[in-house]
Amino acid sequence: NPRTHYTSQINPETIGDEKVTVCGWVHEVRDLGGICFLVVRDRDGRAQVTLVKKKIDKELFDTARKLVRESVVAVTGTAKPEGKAPNGYEIIPDEVVLLNEAESPLPMDTTGKVDAELDTRLDSRFIDLRREKTTAIFKIRHEVLRAVRNFLSTEGFIETSSPKVVATATEGGTSLFPITYFDREAFLNQSPQLFKQILMSGGLDRVFEIGPIFRAEEHDTRRHLNEATSIDIEASFVDHFQVMEILENMIAYVYGQVIENESASLEALGVELKVPETPFMKVPYSEAVDIVNAKGDEMLEWGDDLGTQAEHTIGEHVFKETGESHYFITDWPTEIKPFYAMPYENDPLISKSFDMMHRTMELSSGAQRIHLHDMLKERIESQGLNPDGFDFYLRAFKYGMPPHSGWGVGCERLVMTMLGVENIRDTVLFPRDRRRLSP
Ligand code: ATP
Ligand code: AMO
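Residues numbered from 1 in each chain as written. Chains lettered and ligands numbered in written order. Predicted model: local features only at pLDDT ≥ 70, side-chain atom pairs only at ≥ 80, totals over all residues. Heavy atoms only, no water.

Trainee: Can you explain the overall build of the protein? Please cite residues and give values.
Mentor: Secondary structure assignment for the protein yields 13 helices and 16 strands. Over its C-alpha atoms, taken along the principal directions, the protein stretches across nearly 90 × 55 × 40 Å. The 439 residues of the protein split such that 51% are buried. Restricting to contacts in the protein with at least 6 residues of sequence separation, those with at least 24 account for 64%. A total of about 21,000 Å² of accessible surface is found on the protein, and carbon and sulfur atoms cover 50% of it. The centroid of the 50 positive side-chain charges in the protein is displaced by 7 Å from the centroid of its 72 negative side-chain charges. (Helix = DSSP H or I, 4+ residues; strand = E, 2+ residues; numbered from the N terminus. Buried < 20%, exposed > 50% of the residue type's maximum accessible area, 1.4 Å probe, protein only. Contact = heavy atoms within 4.5 Å. Areas by Shrake-Rupley, 256 points an atom, 1.4 Å probe, with all protein chains shown as cover. Lys, Arg positive; Asp, Glu negative; His and termini not counted. Charge placed at Lys NZ, Arg CZ, Asp CG, Glu CD.)

Trainee: Which residues make up the packing of helix 9 (residues 285-295) against helix 10 (residues 308-322), and what are the values?
Mentor: At their nearest, the axes of helix 9 and helix 10 sit 9 Å apart, and the two run at 95° to each other. Comparing their axes, helix 10 and helix 9 come out roughly perpendicular. Across from Ala-288, Ile-291, Val-292 and Lys-295 in helix 9, the residues of helix 10 making contact are Ala-310, Thr-313, Ile-314 and His-317. (Axes fitted to C-alpha atoms, helices over the stretch in contact; angles between N-to-C directions. Parallel < 35°, antiparallel > 145°, perpendicular 65-115°, else oblique.)

Trainee: So what's going on with helix 11 (residues 373-382)? Which residues, and what values?
Mentor: Looking only at helix 11, the buried set comprises His-373, Leu-376, Arg-379 and Ile-380. Buried residues in helix 11, looked at end-on, bunch into an arc of 130°, giving them a common side. On its buried face, helix 11 sits against helix 12 (391-394). (Arc of directions from axis to C-beta.)

Trainee: Can you break down the packing of helix 5 (residues 132-154) against helix 13 (residues 411-419) residue by residue, with the values?
Mentor: Relative orientation of the contacting elements helix 5 and helix 13 amounts to 120°, with a least axis distance of 10 Å. Between helix 5 and helix 13, the interaxial angle falls into the category oblique. Between helix 5 and helix 13 the crossing geometry is right-handed. Touching Ile-137, Ile-140, Arg-141, Val-144 and Leu-145 of helix 5 are Cys-411, Glu-412, Leu-414, Val-415, Met-418 and Leu-419, all from helix 13. Partitioning the contact of helix 5 with helix 13 into residue classes produces 9 nonpolar, no polar and 2 charged. (Left-handed = near helix turned anticlockwise from the far one by under 90°. Nonpolar A, V, L, I, M, F, W, Y, C, P; charged D, E, K, R; others polar.)

Trainee: Explain the site of ligand 2 to me, using residue names and the numbers behind them.
Mentor: Taken together, 25 residues form the shell around ligand 2, and within it Gln-193, Lys-196, Arg-215, Glu-362 and Ser-365 come nearest. One nitrogen or oxygen atom from the side chain of Glu-362 is found 2.6 Å from an oxygen atom belonging to ligand 2. At 3.4 Å, a backbone N or O of Gly-408 approaches an oxygen atom of ligand 2. Taking 620 Å² as the accessible area of ligand 2 by itself, protein coverage stands at 94%. For the shell around ligand 2, the secondary-structure elements that each account for two or more residues are helix 6 (193-201), strand 11 (227-236), strand 15 (361-368) and strand 16 (404-410). The element contributing the most residues to the shell around ligand 2 is strand 15, with 5 residues. (Near = heavy atom within 4 Å. Polar contact = N/O pair within 3.5 Å; in protein donor to acceptor, adjacent residues only side chain to side chain.)

Trainee: Quick one: what's the story with the pattern of salt bridges, residue by residue and with numbers?
Mentor: On inspection of all chains with the given rule, the structure shows 35 salt bridges. In this structure, the salt-bridge partner of Glu-70 is Arg-130, at a minimum N-O distance of 3.1 Å. In this pair, Glu-70 is assigned in the loop between helix 2 (58-65) and strand 4 (72-81) and Arg-130 in the loop between helix 4 (125-128) and helix 5, connecting sequence segments 60 residues apart. Residue Glu-143 pairs with Arg-146 through a salt bridge whose shortest N-O separation is 2.9 Å. Separated by 3 residues within a single helix, Glu-143 and Arg-146 lie in helix 5, roughly one turn from each other. Residue Glu-143 is classed as buried on the basis of its relative accessible area of 4%. Looking at Arg-146, the relative accessible area reads 31%, which means it is partly exposed. When salt bridges that share partners are traced, they join Asp-119, Asp-123, Asp-220, Arg-425, Asp-433, Arg-435 and Arg-436 into one network. (Salt bridge = Lys/Arg side-chain N within 4 Å of Asp/Glu carboxyl O.)

Trainee: Kindly report on the pairing of strand 8 (residues 178-181), identifying the contributing residues and their values.
Mentor: Sheet topology places strand 8 next to strand 9 (residues 184-188); 4 bridges connect them, and they run antiparallel. What sits directly across from Ile-179, in strand 9, is Ala-186. Connecting the antiparallel pair strand 8 and strand 9 is a turn made up of 2 residues, with Phe-182 showing a positive phi of about 50°. (Pairing = 2+ DSSP bridges.)

Trainee: I'd like a description of a nonpolar patch on the surface, backed by residues and values.
Mentor: Among the surface-exposed residues, Val-165, Tyr-181 and Phe-182 lie close enough to one another that they form a single nonpolar patch of about 330 Å² accessible area. With respect to the helices and strands, Phe-182 occurs in the loop between strand 8 and strand 9. (Patch = residues over 30% accessible without salt bridge, like charges linked within 9 Å, V, L, I, M, F, W, Y side chains within 5 Å.)

Trainee: How would you summarise the site of ligand 1 if you had to cite specific residues and measurements?
Mentor: Taken together, Arg-215, His-219, Thr-221, Arg-223, His-224, Leu-306, Gly-307, Thr-308, Glu-311, Glu-362 and Arg-413 form the complete shell of residues around ligand 1. One nitrogen or oxygen atom from the side chain of Arg-223 is found 2.9 Å from an oxygen atom belonging to ligand 1. In the environment of ligand 1, an oxygen atom lies 3.0 Å from a nitrogen or oxygen atom belonging to the side chain of His-224. In the complex, the protein chains occlude 62% of the 590 Å² of accessible area that ligand 1 would expose alone.

Trainee: Provide a residue-level description of the nonpolar core, including the pertinent values.
Mentor: Among soluble globular proteins, nonpolar side chains are generally buried collectively. One finds Ile-231, Trp-407 and Leu-419 to be the most contacted residues of the largest nonpolar core, which totals 50 residues. Among the elements that make up this core, the one with the highest residue count is helix 5 (10 residues). Those residues in contact with Leu-419 that lie beyond four places of it in its chain are Ile-137, Ile-140, Leu-266, Leu-269 and Val-271. Phe-61, Leu-67, Val-73 and Val-75 belong to the second largest nonpolar core, which has 22 residues in total. (Core = buried A, V, L, I, M, F, W, Y, C linked by side-chain atoms within 4.5 Å.)

Trainee: Please provide a residue-by-residue account of the state of the cysteines, values included.
Mentor: In this structure the tally under the stated criterion is 0 disulfides. Cys-23 provides the cysteine sulfur closest to Cys-36, a residue in no disulfide bond, and the two sulfurs are 19 Å apart. A residue is classified by how much of its surface remains accessible, and Cys-36, at 0% relative accessible area, is buried. (Disulfide = S-S within 2.5 Å.)

Trainee: I'd like to hear about the sheet that holds strand 2 (residues 35-42), residue by residue, with values.
Mentor: With respect to topology, 5 strands assemble into a closed barrel ordered 1-2-3-5-4, the strand pairing being mixed. Sheet twist, expressed as the average angle between the axes of neighbouring strands with direction ignored, equals 50°. Where strand 3 (residues 45-52) meets strand 5 (residues 89-100), 2 bridges bridge the pair, whose relative direction is parallel. From the neighbouring strand, Gln-48 faces strand 5, where its bridge partner is Glu-90. Along the sheet face, helix 2 touches strand 1 (19-31), strand 2, strand 3 and strand 5 and points at about 75° away from the line of strand 5.

Any functional reading would require information that these geometric values do not contain.
What follows is the structure in structure tokens.
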């Protein structure tokens, strides 16, 4: 019998005597002798199947009783209201079909009673996903990306895709994964940066991309991946303030949509979300340095990058002042931002750039870009890069490039900070890190 309902869709009051078929995994079998409870689990919940020995075919009763946990079954029967069962109903079965038996013991516990190590869970992701809390994260991640697409589409952005096999670096700082492309050297792309800017010259005006970025980060932290998902935008005829506004509004919208559409998943995770208040506080870089130095744990000089500890100090400071976790650090020294960030005309030592921060880590970087060919070429050279490698990019600036701005947000960090997840690997189905290349 084909599936008629997910377990969460059955309401015995409206269904009446109509036969239902649910499909899923054997979550639990409780054999009490005269009565046997079989709990079937699917993506969205559980259904109790109740078999009373005296009232039911003997073969059917034995089939159910002997089911091995996590085997796959299809159960057809009638739903009856039952206050003590999950979702308030139980199924009195006519048929229980064993579709595929699971081996035992299982590679890990699925009931949530035993906390497995992250590595064990990632090695057996197929089993890990059968835990409610794991599924909840990925349902929320889906909702985040759905909301992002919806928001940006409504704001007039066109979804585009850029190549992941490329010839040049963009982000400096982090290193590249070299690959062999036929007989040439190539790299996995660190960011859609150069391509999304070229599209501005093409007149697409507002574009976004959600796609993988690859960074050969050597370090092993709880917030770095070697393959991450970046949400990127680029927009023409707007400055950095305007794209900051798009960013904060998007974050607020995404939080709101998750609260509205994924309340069950939030509950499963024990997370209570509040929509961040907009506009986010803007802390100029020089003030950020003062905040860190005033605390006195470390002494920064103007021009230093802000390390993890400094980010935390500033995050706590902002949180104390505003009660909000999200804020911007703006007006960074031009020298510590990538070559494409636009310096201020009246003070070229600082740039029209920003990071959007969560109390605990950086979530996004962005800037108004240099749209003037000669200035851009000069900046590429002054950062010690060879402009020849950027020919395909620089050409787009010679024949009518509008002023433009944009940003990139790490999807995993967005989900991680939203849910208070400790390790970024928990927000990726199959994470890639220094040690992990499989599954
Ligand atoms: P970006 O996207 O610019 O790389 P990010 O949030 O990934 O931003 P990094 O620039 O990699 O952050 O690091 C932010 C700061 O955190 C850096 O200034 C660096 O000093 C510090 N940092 C990075 N990795 C580590 C690490 N493994 N341990 C401690 N601090 C680190
Ligand atoms: P940036 O290098 O800051 O900026 O990257 C943007 C955002 O992507 C996420 N991110 C990562 N997440 C997990 N693991 C990583 N290794 C990792 N690296 C980056 C972070 C980060 O804030 N081209 C610019 C964006 C722009 O200016 O439009 C860029 O790539 O959340």
